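Close look at the chain arrangement
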Amino acid sequence: MVGARVAVIGAGPSGLYAAAAIVASGADVDVDVLDRLPAPYGLVRYGVAPDHIKMKSVIRVLGRPFGPGEVRFLGGVRVGDGSDGSIPLSLLRDHYTAIVHATGSAVDRCLGIPGEELPGSVGSGEIVGWYCGHPDHGRAPVLDTPGVAVVGAGNVALDVARVLARPAEEMAPTDVPDAVLDGLRGSAVRDVHVLIRRGPQHVKFTPVELRQLGDLADAEVVVHDDGALAEPLGEGVSDKRQRANLDVLAGWARAHPASGARRAARRIHLRFFRSPVRILGTQRVTGVVVERTALMPDGRVVGTGEQDTLDVGLVVRAVGYTAEPIPGLPFDATSGTVPNVAGRVIDLSGTPVRGQYVTGWIRRGPTGVIGTNKHDAVETAASLLADLPDLPEPPHPDPDDLARVLSEHGVRPVDWSAWLRLDAEEIRLGRARGAERVKVAELAAMLEAVYAADEAGPASVVSVAEALSEGRRR
Ligand code: NAP
């Protein structure tokens with residue numbers, strides 16, 4: 001066999017770490033990275049908060065394999081069930097020896113409480129997608145009331161609370177699209193209530209991110225802990241991260257007691273032992289009923305019956321994510337992952353599905369920071385490389401065959417040099433605003449920049465945009 005062909009589906013950190021690990025092995029393998037969007041970097045581009053500029057610098061590492069042309073980028077290619085311009089997995093199997101799925105967990109988990117379906121009740125994916133300029137989330141959230149509730153005690157809840165509490169001027173040097181900056185400038189938000197169902201010793205925040213809440217120019221953190229932090233909670237806690245969180249929280253509780261005078265234009269209220277039980281409103285969200293909780297010895301959280309109402313116009317669920325099943329692969333709906341052993345996909349009876357691999361959140365669930373994906377990807381790549389000698393050559397290994405088939409499906413892939421044109425356009429827009437870059441958020445505008453130098457541009461732009469937006473409507 002002349003060189004194996006591997007497709008990595010998903011150009012986020014997990015997919016790109018996997019591609020890099022396969023290339024670094026020196027094996028005789030051609031690697032293509034496919035993504036449904038015309039831009040690479042997945043959650044680094046569309047999940048890491050815009051004001052975490054340093055964290056985004058990891059793209060310099062992630063983009064490296066594309067530079068020397070070792071890895072091909074095929075943007076704007078959506079793998080799905082074959083409908084609406086998506087490319088079925090069965091078709092890709094005809095062209096690749098092995099496939100690594102790195103499509104993450106993009107679906108917001110729900111609370112399952114009344115009123116959750118009202119306008120103004122959103123998953124964090126929607127609001128993070130908006131401020132990160134994701135083409136699927138162009139609609140601005142309603143920021144016309146002083147109160148907002150954010151449910152959850154993970155880093156996503158912190159990101160959302162922080163961005164909503166920052167003055168718009170602090171976001172101007174970031175890559176947020178101009179429309180997002182305008183939305184933040186017009187925001188009426190004054191009080192962001194973070195609803196945390198357990199105690200201060202149970203939060204999932206990382207201390208660096210938690211501390212950052214205290215550094216905002218005109219917002220203060222108010223801790224509502226029902227006196228829990230006055231107890232020596234740290235003594236029974238061995239985990240370093242939890243102890244560091246407790247120190248930060250106790251410091252704030254002493255400095256700005258919940259009953260103290262307010263000194264900033266905005267407040268982030270950390271409300272411990274509180275869970276939303278009902279979202280109020282008829283046409284849209286007008287409030288949320290919050291119940292005091294208690295922790296049972298077995299770790300369960302139960303309601304105490306003591307309830308309060310917060311006046312809020314927006315409720316954001318930041319309670320974790322799950323994945324959509326991948327058509328053609330087994331799926332464990334409880335964990336929201338594809339069953340696997342060391343990255344090798346297995347079916348529900350435990351038998352390996354030949355030539356199929358997973359990495360990142362679709363493999364282990366939505367946990368860990370960006371670097372966590374590297375370890376995961378290296379292990380998946382090792383499994384794949386060990387299996388390669390025994391995997392059969394695909395019926396159509398010639399890349400030209402794939403290009404022809406994609407074209408028959410109305411898909412014109414965005415290659416690396418085309419993405420670099422969009423990249424350059426975003427950097428140019430950034431220069432005008434004093435930022436490193438400003439994102440182009442609308443799909444048609446992204447594709448216009450991608451095909452800027454292309455004679456055959458407009459017609460293709462329309463067809464690719466149509467194919468992609470068809471996918472979004474699914
Ligand atoms: P997460 O860390 O798993 O946190 C989810 C939170 O939602 C937990 O506090 C959980 O509380 C709470 N929750 C779940 N169901 C709930 C319910 N029904 N009612 C109330 N609360 C509920 O998830 P995440 O914040 O989405 O973050 C995902 C991953 O991305 C994490 O590994 C995170 O560290 C990472 N991330 C990192 C950064 C960064 O490094 N800056 C930024 C963003 C995300 P319980 O503990 O009680 O279940």
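The preceding data block contains the structure.
What comes next is a walk through the structure.

Each value, and the rule that gives it
- Residues numbered from 1 in each chain as written.
- Predicted model: local features only at pLDDT ≥ 70, side-chain atom pairs only at ≥ 80, totals over all residues.
- Heavy atoms only, no water.
- Axes fitted to C-alpha atoms, helices over the stretch in contact; angles between N-to-C directions.
- Helix = DSSP H or I, 4+ residues; strand = E, 2+ residues; numbered from the N terminus.
- Parallel < 35°, antiparallel > 145°, perpendicular 65-115°, else oblique.
- Left-handed = near helix turned anticlockwise from the far one by under 90°.
- Contact = heavy atoms within 4.5 Å.
- Nonpolar A, V, L, I, M, F, W, Y, C, P; charged D, E, K, R; others polar.
- Phe/Tyr/Trp six-rings, centres within 6.5 Å; stacked < 30°, edge-to-face > 60°.
- Buried < 20%, exposed > 50% of the residue type's maximum accessible area, 1.4 Å probe, protein only.
- Pairing = 2+ DSSP bridges.

1. Here we look at the packing of helix 6 (residues 124-131) against helix 7 (residues 155-165)
Contact geometry of helix 6 with helix 7 gives a least axis separation of 11 Å together with a crossing angle of 50°. Of the possible angle classes, the one that applies to helix 6 and helix 7 is oblique. Remark: the crossing between helix 6 and helix 7 carries left-handed chirality. Mapping the contact onto sequence places Ser 124, Ile 127, Val 128 and Tyr 131 in helix 6 and Val 156, Asp 159, Val 160, Val 163 and Leu 164 in helix 7. Residues belonging to the contact of helix 6 with helix 7 are distributed by class as follows: seven nonpolar, one polar and one charged.

2. Brief notes about the packing of aromatic side chains
Under the counting rule described, the total for this entry stands at seven aromatic pairs. Arranged with centres 6.4 Å apart and planes meeting at 85°, the rings of Tyr 41 and Trp 416 form a pair that is edge-to-face. Highlighted residues: Tyr 41 in the loop between strand 2 (29-35) and helix 2 (42-46) and Trp 416 in helix 15 (residues 416-433), separated in sequence by 375 residues. Each member of the pair, Tyr 41 as well as Trp 416, is classed as buried.

3. Description of the pairing of strand 13 (residues 274-280)
With six bridges joining them, strand 13 and strand 14 (residues 287-295) adopt antiparallel strand pairing. Of the residues in strand 14, the one forming a bridge with Arg 278 is Val 289. The antiparallel pairing of strand 13 with strand 14 creates a hairpin that spans six residues between the two strands, and Gly 281 there sits at a positive phi of about 140°.

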